[in-house]
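# Reading the structure
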Amino acid sequence: MGKSRIGINGFTLKWIAIITMLIDHIGATLYPQYTCLRIIGRMSFPIFCFLLVEGAVHTGNIRKYEIRLLVFALISEIPFDYAFFGKLTLEHQNVFFTLFIGLVMIDVIQSGKAGNFPFGTFIVAIMIAELLETDYGAGGIMIIACFYFLREQRLLKQVVFAGLNLLYFGVGVQAYAALATIPMLRYNGKQGPKMKYFFYLFYPVHLLILYLIIR
């Protein structure tokens, strides 16, 4: 059965992820006393992982996709460091690095380079994310892998994601990331309007603005 046209497209999902991410980062940097902002913000990362898998599976040139993610990971690192740590640091890398590692993992598996051992590629990706201390780390790679390996199982992948998120991150604020299953289950498989570079640029630009506000 084909995917229904009823629901929300990828463009709308991106906006949900962008807006909830902005709310999350406002809460983290300007209003840490309001936990509700962080709860809302937990929806953002899973949706970005979901869309990453959709893009990886349907893109005509995954290499260009990888290059874009890596370039914006590098561009975003300075505003990320200053917004959240107030200085340059190697202790924690921004979420674009997590998404980049996840995309390369998918690329290696899809291309057949992983052979009969895709699990080995998955483990290597986890190790790299942990070594670089990327945002969400091993948990982020697990979520990406969940959406990739179960990509044809519309409901099951969301159930597994919610359970995995709870088991790995615990019952704290991050548990509310399961709320992202609601808009993801409404995804109709359509891309929608393209504003590719806007979504890439929004991340470093909004972090820079937040830093300028709090400095």
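Please read all numbers here as calculations on a predicted model, not as lab measurements.

Right, let's talk about unusual backbone geometry for a bit. Apart from glycine, the bulk of residues carry a negative phi angle, and the bulk of peptide bonds sit in the trans form. Positive phi is not limited to glycine here, since glutamate 133 has a value of about 55°. With respect to the element layout, glutamate 133 can be found in the loop between α6 (118-132) and α7 (137-149). Classification of glutamate 133 by relative accessible area gives partly exposed; the value is 40%.

Attention now goes to the layout of surface pockets. Counted as a void, the largest pocket has a volume near 860 Å³. Taken together, 33 residues make up the lining of the largest pocket; nearest its centre are Lys14, Leu51, Gly55, Tyr65 and Tyr200. Of all elements in the fold, only α1 (10-29), α3 (44-58), α4 (62-85), α5 (95-110) and α10 (196-214) reach the threshold of two or more residues within the lining of the largest pocket. Take the lining of the largest pocket: its biggest share by element is six residues, from α3. Its residues placed into classes, the lining of the largest pocket shows 17 nonpolar, nine polar and seven charged.

Take the side chain of serine 76 next. Looking at the element boundaries, serine 76 is found in helix α4. At 2.6 Å, the side chain of serine 76 forms a polar contact with the backbone oxygen of phenylalanine 72. Leaving out residues up to four positions away in the same chain, serine 76 has contacts with Asn94, Phe96, Tyr203 and Pro204.

Our next topic: the packing of α5 against α7. The geometry of α5 relative to α7 is characterised by a closest axis approach of 9 Å and an angle of 40° between their N-to-C directions. By the angle between their axes, α5 is oblique relative to α7. Note that α5 runs across α7; the crossing there is right-handed. The segment α5 lies against α7, with Thr98, Leu99, Ile101, Gly102, Met105, Ile106, Ile109 and Gln110 engaging Gly137, Gly140, Ile141, Ile144, Ala145, Tyr148 and Phe149. Of the residues contributing to the contact of α5 with α7, the split by class is ten nonpolar, five polar and no charged.

The rules we used
- Residues numbered from 1 in each chain as written.
- Predicted model: local features only at pLDDT ≥ 70, side-chain atom pairs only at ≥ 80, totals over all residues.
- Heavy atoms only, no water.
- Helix = DSSP H or I, 4+ residues; strand = E, 2+ residues; numbered from the N terminus.
- Buried < 20%, exposed > 50% of the residue type's maximum accessible area, 1.4 Å probe, protein only.
- 1 Å grid on protein atoms, 1.4 Å probe; cavity = no way out; pocket = protein on both sides within 12 Å on 5 of 7 lines; lining within 4 Å.
- Points joined across faces, edges and corners; volume = space filled by probe spheres on them.
- Nonpolar A, V, L, I, M, F, W, Y, C, P; charged D, E, K, R; others polar.
- Polar contact = N/O pair within 3.5 Å; in protein donor to acceptor, adjacent residues only side chain to side chain.
- Contact = heavy atoms within 4.5 Å.
- Axes fitted to C-alpha atoms, helices over the stretch in contact; angles between N-to-C directions.
- Parallel < 35°, antiparallel > 145°, perpendicular 65-115°, else oblique.
- Left-handed = near helix turned anticlockwise from the far one by under 90°.

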